[in-house]
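Here is how the chains run, residue by residue.
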Amino acid sequence: MKKLLVALLVAAFAFPAAAFGADTIKIGFNIPLTGDIPKVGEMSKGAAEMLKEKVNGAGGLDVGGKKYMLDFVYVDNEAKAESAVNAALKLIEGEKVLAMVGPQGSGRAIPAAEVANNNKTVMISGWSTNPKTTMDRPYVFRACFLDDFQGPVAAKFATEQLKAKKAAVLFDVASDYPKGLSEFFKKDFEKLNGPGSVVAYETFTTKDVDFSAQLTKIIKANPDVLFTPQYYNEVPLIVKQARELGYKGPILGSDSWGSAELMALCGDDCKGQYFVTHYAAAGAKGATKEFIDAFNAKFKQIPDDVGALTWDATGMVLASIQKMGAISGDLAKDREALRNAMATMRDYAGITGKMSFDGKTGDPIKCAVIVKISDKGEFTFHESVCP
Amino acid sequence: MFDTVIQQAFNALQLGSYYSLIALGYCLVYGVLLLINFAHGDIFMVGAYIAFFAATYIMGQHALIPPNSPIMVKLVFAGFFALIITAAVSFAIKKKPVAAGQKNYSYPAILGGIFITITAAIYYWGQGMKLESGADKILVFAVTMPLTMILTSVVGVFIERVAYKPLRLKGANRLYVVITALMMGIILEYGNLSLLGTSRLSFPTLLPRIVFDVAGAKVSITKLSAIAASFLMFALLQWIVTRTKLGMAMRAVSYDKFAVPLMGIPLDAVIVFTFFLGSSMAGLAGMLYAMNFPVLDPFMGALVGWKAFVAAVVGGIGDIRGAFVGGFLLAFLEVIVAAVFSSELRDLISFTILLGILTWKPTGLFGKPKTTKI
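Residues numbered from 1 in each chain as written. Chains lettered and ligands numbered in written order. Predicted model: local features only at pLDDT ≥ 70, side-chain atom pairs only at ≥ 80, totals over all residues. Heavy atoms only, no water.

### Some words on the overall build of chain B
- In terms of regular secondary structure, chain B is built from twelve helices and four strands.
- When the accessible surface of chain B is split by element, carbon and sulfur atoms take 74% of a total near 17400 Å². (Helix = DSSP H or I, 4+ residues; strand = E, 2+ residues; numbered from the N terminus. Areas by Shrake-Rupley, 256 points an atom, 1.4 Å probe, with all protein chains shown as cover.)

### Comments concerning the overall build of chain A
- A tally of helices and strands in chain A yields twelve helices and 15 strands.
- Relative to the globule expectation of 21 Å for 387 residues, the C-alpha radius of gyration of chain A, 22 Å, shows essentially globular dimensions.
- The principal-axis extents of the C-alpha atoms in chain A amount to approximately 75 × 50 × 40 Å.
- Residue pairs in contact within chain A that sit at least 24 positions apart in sequence constitute 66% of those at least 6 positions apart.
- Here chain A displays about 15000 Å² of accessible surface, and carbon together with sulfur accounts for 57% of that area.
- Of note, chain A has its 46 positive side-chain charges centred 2 Å away from the centre of its 46 negative side-chain charges. (Rg over C-alpha atoms; globule rule 2.2 N^0.38 Å. Contact = heavy atoms within 4.5 Å. Lys, Arg positive; Asp, Glu negative; His and termini not counted. Charge placed at Lys NZ, Arg CZ, Asp CG, Glu CD.)

### Regarding the sheet that holds strand β3 (residues 66-76) of chain A
All names here are of chain A.
- An order of β2-β3-β1-β4-β5-β6 is seen for the six strands of this open sheet, with the pairing classed as mixed. Each having just a single partner strand, β2 (61-63) and β6 (140-142) make up the two edges of the open sheet. Strand after strand, the sheet turns through a mean of 30 degrees between neighbouring axes, direction not considered.
- Helix-sheet contacts for helix α3 (residues 81-94) involve β1 (24-31), β3 and β4 (99-101), and the interaxial angle to β1 is about 175 degrees. (Pairing = 2+ DSSP bridges. Axes fitted to C-alpha atoms, helices over the stretch in contact; angles between N-to-C directions.)

### Description of unusual backbone geometry
Residue and element names in this part refer to chain A.
- Here Gly102 and Pro103 are connected by a cis peptide whose omega angle stands at -10 degrees.
- Its place among the elements puts Pro103 in the loop between β4 and α4 (106-118).
- The backbone phi angle of Lys96 is positive, close to 55 degrees, even though this residue is not glycine.
- Relative to the helices and strands, Lys96 resides in the loop between α3 and β4.
- Its identity is not glycine, yet Lys120 carries a phi of approximately 50 degrees, on the positive side.
- If you trace the backbone, Lys120 turns up in the loop between α4 and β5 (122-125).

### Section: helix α10 (residues 300-315) of chain B
Residues and elements named next belong to chain B.
- End to end, α10 covers 23 Å across 16 residues, agreeing with the expected 22 Å (1.5 Å per residue, within 8%).
- Where α10 is buried, its residues meet α1 (2-33), α2 (40-58), α9 (267-292), β4 (295-296), α11 (320-340) and α12 (346-360).
- Directly beyond the C-terminal end of α10, a positive phi value near 105 degrees is found at Gly316. (Expected span 1.5 Å × (residues − 1).)

### Examining the packing of α10 of chain B against α11 of chain B
All names here are of chain B.
- Direction vectors running N to C along α10 and α11 enclose 120 degrees, while the axes themselves pass 7 Å from each other. It follows that α10 is oblique to α11 by the angle criterion. As for the relative orientation of α10 and α11, their crossing is right-handed in sense. Mapping the contact onto sequence places Lys307, Ala311, Ala312, Val314 and Gly315 in α10 and Gly322, Ala323, Gly326, Gly327, Leu329, Leu330 and Glu334 in α11. (Parallel < 35°, antiparallel > 145°, perpendicular 65-115°, else oblique. Left-handed = near helix turned anticlockwise from the far one by under 90°.)

### Quick word on the interface of chain A and chain B
- Taken together, the 33 residues of chain A in the interface contact 33 residues of chain B.
- Approximately 2700 Å² of surface area, both sides summed, lies buried where chain A meets chain B, with 52% of it carried by carbon and sulfur atoms.
- Our count for the contact surface shared by chain A and chain B stands at five salt bridges.
- Residues Arg209 of chain B and Asp269 of chain A are paired through a salt bridge, measuring 3.1 Å at the closest nitrogen-oxygen approach.
- Between the two partners, chain A and chain B, sit 15 residue pairs in polar contact (both at pLDDT 80 or more).
- Listed by contribution, the elements that provide at least two residues to the side of chain A that touches chain B are α2 (38-57), β8 (198-204), α7 (212-220), α8 (235-244) and α9 (262-266) of chain A.
- Of the residues that constitute the side of chain A that touches chain B, the class distribution is eleven nonpolar, ten polar and twelve charged. (Buried area = accessible area lost by both parts, 1.4 Å probe. Salt bridge = Lys/Arg side-chain N within 4 Å of Asp/Glu carboxyl O. Polar contact = N/O pair within 3.5 Å; in protein donor to acceptor, adjacent residues only side chain to side chain. Nonpolar A, V, L, I, M, F, W, Y, C, P; charged D, E, K, R; others polar.)

Right, dumping it as C-alpha cells:
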C-alpha cells in the first residue's frame, strides 16, 4: 500500500514535467503582487497576460519554423529584496524558466540580478533605473533609462524650467533606487548651481510615515524646489505633510511616481507637480496608443509606465527567442543562446521608444519624458529629453 | 532657531499622541489581566480602516454603495446596516425579564423605531454630504469619531471573547495567551490583506486644512486634534480608573483576580469593559493617524504597535501616567534624533536611551515592583 502511494506521488510529480515540458516556452516574472507597491505587480502582470494572450491566440511563438506556446509564471516578491532573491531562485532552479522578467524596482532588481547572473539566466527588468543592476552582469538587461541619465534630467529641469537656485532632497536611505537617484541629482544640481546649492539633503527609512522632523529642517533651509524620488505610496504623505508645514514651492518627482494609483492616493495635493518618467499616456500615438486602448479595454484603467515597460521587456525577450533560432531543449544551452541574441538586439521598436543593446552592457539608450500632473489629475506630456 | 524648536516640539507632540493613545490600551489590558495584548497594534490598524469605511459610508462615496447609485440602492443598503444594528440591540436587551403571562409588545416597537430612525438618518447622511463646506466635513468628523471608537471596541471585545476568554477559562499559562495575541495580530493583518486586497486606501480629508501659526511654527488642525484627543483621553481614563466604581473594580481585578468574584464583582464584565476602553482608544488613534498620514495599509499597525508597547514598558507598564508619558518621551527622542543627527540613527539612538532608562529603572519610570498594576 505504502509503495503504491509513493509510486503514485512520484508519478504525479514527474508526469506534468514530462508532458508539458516539450512545446512551451516558460518565462518567469518576479514582481511585487503584495507589499508596499502592489499596483506595480498588478500592472506588470496585466501587460504580460495581454501579451501572452496575443501570442498564444495567434497559435504561439514561431521559433525556427516551430510554434511554441507561452507559459508565464508569476512569483510575488512582496517588494522586498530578500523575497526577490528567493523568487529569482525559485524561477530559475525550481520552475526552470528560460528567462526572467523583473524585479521592477532597483531595490529588488540589484540582488535578484546577482542571482540571475550567477545562474547564467537572462533577466530583464522593466523599471529598474539604478546603474548597479546591469553593471558587470552580462546576463542582465533592462528596458528603461538609467538614473545617471534621469538625475541630470531632473536637475536640469529644476534649474531651467522651475528656475530653482536652491534645492532640497528627501529620500529613503534604505532603498537602492531613491538613494542612488538622489546622489545623481545632488551631483548634477550642484554642478549647475554651484556647490552648496542643495541646501537640505534629508533621509528617512523604509516604512516611515512621519516626515515632519525632516521637512521642518528642509523648510527652514528655504529651497526653491523639493526633489523626492519616492514610490507612489509615500509621495502623498510627503506632499501633504510638506504643505501642512508651510512649504509652498514646487515638488519634483522621478519615474517611481508614475503609477496609476498615485492620483487615487494623493488627490489634489499632487496636481500641478512634475516628474521624470518613461512615457506619457495622455496624448500617446501609434503603437503606444494601441497598447493603451487595448489595456484600457481589458482592465478598465490606463496603463502606467511599469505596464508599458513590462510589455516592451517581455517583447524583447520574445523577439530574441525568435532570433536565436531553434530551441534545443537543453536549458543551459538555450539560456546562453538567448543571452547572445539579447545582447545583439538592435533598434527594437517598443512602445516606450526604440531600444538597442551595444553588446557590452544591458542598458538601452532612451529618452526621458517630463510629465506634468494636470488639474484633472492626468499625466500630461510636458517635454522630452534625449541623451 | 526658536521657531524650529517649537515646530519640532509640535511634531513630537503629534507623534507622541498616537504612541500614548495606543500605549494606554496596552497598559489597561496588562494592568487588569497581566496580558500583553500584542494584537493591540493591529486593532489600531482595524480602527483606521473602520474610520475609513465609516467616513466614506457617511459621505456616501464608498464603493460599498457607489456615490451616484439610485436612491433605492442606498436605502436597501442602509436598511441592511440598520438591520444589523437592530439585531445587535435586540440581542443585548433580550435578557430583560418579562412578567409571566404578560405579552411584551414594547420590544418590537423599540426595534422598529430604531430600525426606521437609523435608516432615515443614514440615508440623510449619505445624501446630504456633498463635502463642499467645512461645516459638513466637521459634522462627518464628529459622527465618524464615536462610530469608529464603538466599532473598534466591538472588534477588541470580540477578539477577547474568541481568543483569550477560552484560554482564561481553561487556566492556560500567560505565555500561551501572549502567543495567541500575536497570532490574532497576524490574523487581523492578513485577513485585511485578503479581504480588501493589496491596494492602498486613501483616507478622505475630514477636517478643513486650517494651519495655525504659533510663534513661526505651522500647526494644522488635524495635528492639534490628535494632540488634544490624547490629552483628553488620558484625563478621562485617569478619572475612570481612580474615581468610578468600574475603575475601582478594575483595580481590584488587577490586585487579585481570584478574590474579586467572591466579592460579587462580575469579573467578565470588568474584563470586557477593559478591552472596550483600550480598543476604543486604539480606534481613536487609528482614525487620527489616518487623518494625518492618509495612506492606509494592512501592516501599518505593526511598527507603531511595537513602539507604543516599548513606550508603555518604559513608562512602567500597568501605570496610566507611565504609558502616557512614555509615548511622548519616545516621540520626543525620535524627533530630536532625526532633527539633530539623521534619520538612520533615529531608532538606534532613541531605543538605546530607552534601554538605558530601563537599566536604571527596570520597572519603568512610574512602575512599582509587585503592587497594583493599573
